[in-house]
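Survey of secondary and tertiary structure
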Amino acid sequence: MRVSAAAVPSLAAAALMLAAGAAPAFADGHAAPVQAQATIINLQGEEIGTASLRQGPTGVLLHIRVSGLTPGAHGFHLHSHGACDPEEGFTTAKGHIGLIEGGHGLLNPDGPEAGDLPNLFVGADGIGEMEAFNTLVSLVEGPHNLLDEDGSTFVIHENPDDHMSQPIGGSGPRVACGLIEAAQ
Ligand SMILES: [Cu+2]
């Protein structure tokens, strides 16, 4: 069968929408963006939440919702290696994406590192939820691609990130981790 040129764009858009599965539909017909997802686990290896990531024209929009954490602010970063091992205290996730010697922190004149994010705030009920936008990482080809060969992770730390102190803003031990994977 011969497909006319005019039909190709709509077929491509339909294929993208199918590939995106449960992606939110856009009322004006825009195709679904490239997406990724993560399941967040704690130091006992239990699932405590999920995260989603969507590629925009200038960066990645991410959303996370977790439960069972201690109330208050928690340092929250994108780490450079796709491995979440609770037995290792999540150290297998390695350092921040785009590590800069002396450059950690959203307020740091020598930074920030690409993986730096605002703190995740957890309520008295143990639930934390946020949406954030990071212009220094990507889900597609280019610098700091979260879906590159060695993967990447979300890491939640025990304490707040002061966005300045080296090397992790004083945010302390790692309490949760999520492996970032391309969304089907
Ligand atoms: Cu971190």
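Here we summarise the structure given alongside this text. The shown structure was predicted, so the numbers you read here are calculated from the model rather than taken from an experiment. (Residues numbered from 1 in each chain as written. Predicted model: local features only at pLDDT ≥ 70, side-chain atom pairs only at ≥ 80, totals over all residues.)

For the protein chain, the count of helices and strands is one helix and nine strands. Ordering the α and β elements of the protein chain from the N terminus gives α-β-β-β-β-β-β-β-β-β. Classification of the 184 residues of the protein chain by burial places 33% in the buried group. Counted over contacts in the protein chain with a minimum sequence separation of 6, partners at least 24 positions apart contribute 55%. (Helix = DSSP H or I, 4+ residues; strand = E, 2+ residues; numbered from the N terminus. Buried ≥ 20, exposed ≤ 12 C-beta atoms within 10 Å, placed from the backbone. Contact = placed C-beta atoms within 7 Å.)

Turning to the nonpolar core, a few remarks are in order. Within the largest apolar cluster, 30 residues are counted, with the highest numbers of intra-cluster contacts made by I40, F154, I156, A176 and C177. Elements represented by at least two residues in this core include exactly β1 (35-42), β2 (47-55), β3 (60-66), β5 (76-79), β6 (120-122), β8 (153-157) and β9 (174-182). In this view, I156 contacts L69, H74, F76, L120, V175 and A176; residues no more than four positions away in its chain are not counted. (Core = buried A, V, L, I, M, F, W, Y, C linked by C-beta atoms within 7 Å.)

This brings us to the environment of E131. Note on placement: E131 falls in strand β7 (residues 128-134). By the C-beta count within 10 Å, which is 10 here, E131 ends up exposed. In this structure the C-alpha to C-alpha distance between E131 and H63, which are 68 residues apart in sequence, comes to 4.3 Å. For E131, the contacting residues outside a window of four places in its chain are L61 and H63.

Looking at the secondary structure, you find H79 in strand β5. As for H79 and G151, which are separated by 72 residues in sequence, their C-alpha atoms are 9.1 Å apart. Leaving out residues up to four positions away in the same chain, H79 has contacts with A93, K94, G95, H96, I97, G115, S152, T153 and V155.

Where β1 lies against β2, seven bridges are found, and the strand directions are antiparallel. The residue of β2 that forms the bridge with I40 is G49. Where β1 hands over to β2, the hairpin turn is made up of four residues, of which G45 adopts a positive phi near 80°. Sheet topology places β1 next to β9; seven bridges connect them, and they run antiparallel. Across the sheet, residue I41 finds its bridge partner in β9, namely C177. (Pairing = 2+ DSSP bridges.)

The pairing of β2 with β3 spans seven bridges and is classified as antiparallel. Within the sheet, the bridge partner assigned to R54 lies in β3 and is L61. What sits between the antiparallel neighbours β2 and β3 is a turn of four residues.

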